[in-house]
Each structure stands twice: as structure tokens, then as C-alpha cells.
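The primary structure of each chain is shown beneath.
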Amino acid sequence: MAPDSALPATVDGSALAGLALAAAGARHMFGVVGIPVTSLASRAAAAGVRFLAFRNEQSAGYAAAAYGFLTGSPGLLLTVSGPGCVHGLAGLSHATANAWPLLLISGSCSQHDAGKGDFQELDQIAATKPFAKLAVKATSIADIPRLVFQALAATVAGRPGGCYLDIPSDVLHQTLTGSEAASLIAAAAAADSADSSPPKDKALGEGIVKAAELLRRAERPLVVVGKGAAYARAEEVIQKLVDTTGIPFLPTPMGKGVVPDVHPLSATAARSLAIGQCDVALVVGARLNWLLHFGEPPKWSKDVTFILVDVCEDEIELRKPQVGLVGDAKRVIELLNREIKDQPFCLARSHPWVDAITKKTKDNVLKMEAQLVKDVVPFNFMTPMRIIRDAILAEGSPAPVVVSEGANTMDVGRAVLVQNEPRTRLDAGTWGTMGVGLGYCVAAAVAEPGRLVVAVEGDSGFGFSAMEVETLVRYQLPVVVIVFNNNGVYGGDRRSPDELTGPYKDDPAPTSFVPAAAYHKMMEAFGGKGYLVETPEELKSALSESFHARKPAVINVIIDPYAGAESGRMQHKN
Ligand code: ADP
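Computed from a prediction, not measured in an experiment: that's the story for all the values here.

**Q** It is not clear to me how the overall build of the protein chain should be interpreted in this structure. Could you clarify?
**A** Counting secondary structure elements, the protein chain contains 22 helices and 19 strands. On C-alpha atoms alone, the protein chain measures out to a radius of gyration of 25 Å, which is about the 25 Å that the 2.2 N^0.38 rule sets for 574 residues. The principal-axis extent of the C-alpha atoms belonging to the protein chain is close to 75 × 65 × 50 Å. In the protein chain, which comprises 574 residues, the share counted as buried stands at 56%. Of all intrachain contacts in the protein chain linking residues separated by at least 6 positions in sequence, the fraction that spans at least 24 positions is 77%. For the protein chain, the exposed surface amounts to about 23200 Å²; the carbon and sulfur share of it is 55%. Charge centroids of the protein chain, computed over 53 positive and 60 negative side chains, lie 5 Å from each other.

Take a look at the structure:
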């Protein structure tokens, strides 16, 4: 934090908020400015917190959420009052749903005019509470440093999630002296470090012994790696566990890369067999929710024994596993590795379970490769995805961050694109949120400056936040957005004859967009590079040029509108 002497004689609420954020270690903030927070954004930037100005608060919120996941530090989202705060709820709720740390800071109407119908007035504490772990309001300037530190700490405590800080317009305009500001910030920092002694492990000893014993005695053990493990930076300890025990592992979509996808014990391509037949499943940083079929039959065996590792005690209580290990994934797996080391075991590659998983994987990979190898034109989803996969792999390390959303595009991308490094896949997540893509791209580019960012987006997913291509150009971020353009949500018009009646039967289908939309020209409109591609050669050339340039680009890939399926792989839910 700037020394007292570096502060001006007078500091207002906006400047104090910026200084407090910087003193708390914040480095980036995402948002949309306007009354009453424009000065807060500039003041924060002046204090060393880079402000990334978006075109829409939803996208800025998704950026802040992804930033929290990628860095392990809270993503900051700044909005104006009323409607700005409401738009910010998208990012706040998405962060909480995904267990990622985010702090939403909104300006609000002047306290003396509250209740009278002031400009953009809203009870923002009430609006944010359902989605926030903590929602607090600064009622005077002196509250700001303490609440900034407190709210930031709350985002990462226990299960990470969203928090809200409300700063009314009158508080942003109050002033105090530079030395008062400095001592308030120093006091808040001191109180924060007194509070943040590492949490004590909850009686893990017995659970660790039990977990090791269960895995040792299992006939068909499996390690499931979730995005909580990626968030915990548990990659080294989980890789060690897999390597020393020979147990196959299955990543969730954003758990991909914690152990490289190319690892010989990856069960990704044998998913149904792995979860259907495992007898002991060690689930690390993943909820047994819809993404994991609730841990229930028929997808899982009714006799499976679950060992759950989660930082959140409530999660363990909800799922009632045979063994629950409450704690940070990295720490818990470290302890488990230590326990196993005393009585080591390792499944040989010839072990019937490992052999069955390996064979199934080989079979399925061969089947998929037979589809991928074909150059199908007009493009289906597989041909361009293969070309993109190969271009990404050719980048080597540090691997690009892949951003993915859409129905078919995301489903096919999850199966085809390869993650060999942790936290290099960002997708629609726990809520299946569409519209996250461009915000994620901005977050990934600033959080991981050494990496190229490649977004593989359905045209519908892209459309939710397409205006943010201007943001990419404004900050000259190394982001290549590839749009799978199949003319709409799920592609072609799939209405049944009985849906094609009534007075509006000649309207475009609810799933249809303007055919062959020139999305690449949106990027060109702002001075970025646009490509329209319809053949493998055109796609290869566009990828090679744009990856090399590391400048904002949109590649508009024309896909056969009837190549995909309605709702992608989730038809049963529609
Ligand atoms: P996925 O979508 O990959 O299945 P989920 O979002 O369902 O993952 O689950 C992630 C889980 O990880 C959450 O229950 C969350 O409480 C937990 N978690 C978050 N941080 C940590 C951590 N540091 N250590 C262990 N678990 C964590």
C-alpha cells in the first residue's frame, strides 16, 4: 500500500476503495462504469488495480468469475447501481454456483434519497443476498477499508463463492485526510492477517487411514478429479497419487488437465465403464450433482463406496459418503499420499480393471479417430474440431487456455480437445451458463499472460456476448475466437409438423438465426482480424496465421446446420 506520504491531503470514497483493493492484493477489476462508480475505476487503476472496461456487466461478471478460478484470488466486478447491479447478478450467481471467488462492488443511490425513487434505486443488499456468501454496505467512508478486506476474505473462505459490497453514492463522495485513510487501511490489513491463520484440518487422520485402506483393498478403484481440485492447485499431488497407485482417473470437464489427458490411466474415453463399474471412487473437488449423475444408479453401481474430498463440510453432509474428508484438496491428497507410502500398492497395467479401462479407452479412441480423420465438407462438428485440436496441441507448452460454450460445439469440444495442463479449460460449468465465452477470454488473457486464449464457441453462445470483441481489440488481447456457425441454436429448423401451424408459422424458428451470418465482420468492424472459412485448408491457414499473430481474431466456421443434435448430448433434459 502506498506510504502515507504518497497519499494526497484529501481522499474520497472512490479513491479509498481503490487504495484498499490494491492494499488487499487485487490486481485486476472487470466492469462497466457510469454513475456513481466511474471515478472508483480510475482511482483503482491509479492505485495499481488494472480496470478492464466491458460493454456489458454480464460479460464482465463472467470474466471476474473465471479470474477467480484461474488465479485462486477473488475476481472483482464493478457495476453501477440498480440495473448495473442486476446485470452483475449474472456473474455473482455464476461464481457462487461454480464455487469460484468473486467480489461484486456496486455503487448505489445516495442514502438520504433511498426510498424516494432515486436514480437507479434498488435495495441491492436484498437483491444480491440470495447469490452471495456475504452482502455488506458501507454506510460511511470509514467503513470502506474494513469491508473491502472482509468481503475479499469471505470470497475465498471455506467453499469459494461470490460476495457483495455496496457503496452508496454519498459514501463515494465523502472525504477524509490522507493520513486517516492510511491508518484505516493499515488497521483493516492488520485485522485481516490476524483472522487469516490457516484453518485447522478437521480430524483427518482417521479418515485418511480409512480412505487409503479402501483404495488399497478395492478391486476397481477410480479417482474422479473435479474443478475444485484444479482450483486447489492439487495437480502435483493427484498426479503422484495416480502414478504411485496405478488407479485410473476420470476428470470432470474443468478438472481436465489436472492430470494430463494423454496420461495412460485416463479413463475419459471409457467414462461409462469407469463410473458404472468402479467399486471405490475417490472424488476430489467435485460435487455428486447432475454432471456426475448424482452418484446414483444406473450410471453408478449401487454398491460403490464413495470417498469425498471437499473443502465444504455441508457438501459432505449432503452426500453422506462412506468416507468424507473435509479440507483443501491439495493438503488432503498430500496426506493420503503419505499414508499410502507407508504401505504402498500399485495396480499393474495387466490388472483386470486397469486392463479393461485401457482396452475400452483404446477402442473408443480408435472409433472417434475414425470419425475425426475424415475431412467432411460442408463441415460437421468433428472435422473442424480435429483441425483445431491439432493446432492447439502444436502450440505446446504453455498450453493455450481453451474457452468453450455451446451445445454440440461444447460437447464435441470436450471429447476432442486435449488438456494437458491444469486450468486450461473454461466452459459453461455447473449451471450450464451460456454467454460466458468472451468474458472468460478477457479473464484468461489477463490472468495468464503467457498463454494464447482460444475460444471454441457455438454461434448462439458467441452471440450472448459478441460485442465484447471490441473489448478484445481495445486491450489487444491474444484471443482467437472460433465460431461454429450453424445458423442457430442447435442449428437447422427441427420443428415437427404440428409445431408449424398457427398465425406465426412463417416466422423464423425459435432456434434459427440469420443464415451464414458474417460474424467475422464484427471483429473487422473494430480493427481486429476476421476470417470466413468453409474448408479444412481455409481453417488451417486461419488458425496458423491467428495463433502466430496473438492478436484478437474471429474465425467464422460455416457448419452444416443439420450436423448437430437438438440440445447436444442433453436431449433427455429438453
Ligand atoms: P465439477 O463441476 O468439476 O464436478 P463442482 O463445481 O461440482 O466440480 O465441485 C467443486 C467442489 O470443489 C465444490 O464442492 C467445492 O466446495 C470444492 N472445492 C473448492 N475449493 C476446494 C479446495 N481448495 N479443496 C477441496 N475442495 C474444494
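**Q** Sorry if this is basic, but what is going on with unusual backbone geometry here?
**A** Note: most residues except glycine have negative phi, and most peptide bonds are trans. Of the consecutive residues proline 297 and proline 298, the connecting peptide bond is found in the cis state with omega at 10°. In this structure, proline 298 sits in the loop between β11 (280–284) and β12 (305–310). In this model, valine 377 is joined to proline 378 through a cis peptide bond whose omega is -5°. Of note, proline 378 is situated in the loop between α15 (352–372) and α16 (382–394). With a phi angle near 50°, glutamine 476 is a residue other than glycine that sits in the positive phi range. With relative accessibility at 41%, the residue glutamine 476 sits in the partly exposed group.

**Q** Explain the packing of aromatic side chains here, please?
**A** What describes a pair of aromatic rings is the distance from one ring centre to the other and the angle between the planes of the rings. The full count for this structure, using the stated rule, is seven aromatic pairs. On the numbers, 5.0 Å between centres and 25° between planes, the contact of phenylalanine 69 with tryptophan 100 is stacked. With phenylalanine 69 in helix α3 (residues 57–71) and tryptophan 100 in the loop between α4 (83–98) and β5 (102–108), this pair connects stretches of sequence that are 31 residues apart. Tryptophan 100 gets classed as buried once you look at its relative accessible area, which sits at 1%.

**Q** I keep staring at the domain arrangement of the protein chain and nothing clicks. Help me out?
**A** In many reports, interface size means the accessible area that the parts give up when they come together. Domain boundaries in the protein chain define domain 1 (10–194), domain 2 (204–358) and domain 3 (374–573). Averaged C-alpha coordinates put domain 1 and domain 2 at centres separated by 37 Å. Of the residues lining the interface, 14 residues belong to domain 1; the matching set on domain 2 comes to 10 residues. A buried area of about 940 Å², summed over both sides, lies between domain 1 and domain 2, and 55% of it is on carbon and sulfur atoms. Among the ionic pairs, arginine 159 bridges to glutamate 315, the shortest N-O distance being 2.8 Å. Joining domain 1 to domain 2, the criterion identifies four residue pairs in polar contact (both at pLDDT 80 or more). Of all the secondary-structure elements, those providing two or more residues to the side of domain 1 that touches domain 2 are α3 and α4. The greatest single-element share of the side of domain 1 that touches domain 2, amounting to four residues, is contributed by α3. Looking at the side of domain 1 that touches domain 2 residue by residue, the class counts come to eight nonpolar, five polar and one charged.

**Q** I tried to follow the UniProt feature "domain: Thiamine pyrophosphate enzyme central" (unreviewed entry) in the protein chain on my own but got confused; where do I start?
**A** This chain's UniProt record puts "domain: Thiamine pyrophosphate enzyme central" (unreviewed entry) on residues 210–335. The annotated region residues 210–335 carries 36% helix and 18% strand content, and the separation between its end C-alpha atoms amounts to 12 Å.

Reading the values: the criteria
Residues numbered from 1 in each chain as written. Predicted model: local features only at pLDDT ≥ 70, side-chain atom pairs only at ≥ 80, totals over all residues. Heavy atoms only, no water. Helix = DSSP H or I, 4+ residues; strand = E, 2+ residues; numbered from the N terminus. Rg over C-alpha atoms; globule rule 2.2 N^0.38 Å. Buried < 20%, exposed > 50% of the residue type's maximum accessible area, 1.4 Å probe, protein only. Contact = heavy atoms within 4.5 Å. Areas by Shrake-Rupley, 256 points an atom, 1.4 Å probe, with all protein chains shown as cover. Lys, Arg positive; Asp, Glu negative; His and termini not counted. Charge placed at Lys NZ, Arg CZ, Asp CG, Glu CD. Phe/Tyr/Trp six-rings, centres within 6.5 Å; stacked < 30°, edge-to-face > 60°. Domains from an automatic or database assignment. Buried area = accessible area lost by both parts, 1.4 Å probe. Salt bridge = Lys/Arg side-chain N within 4 Å of Asp/Glu carboxyl O. Polar contact = N/O pair within 3.5 Å; in protein donor to acceptor, adjacent residues only side chain to side chain. Nonpolar A, V, L, I, M, F, W, Y, C, P; charged D, E, K, R; others polar. UniProt positions renumbered as here; feature names shortened; annotations may be inferred.

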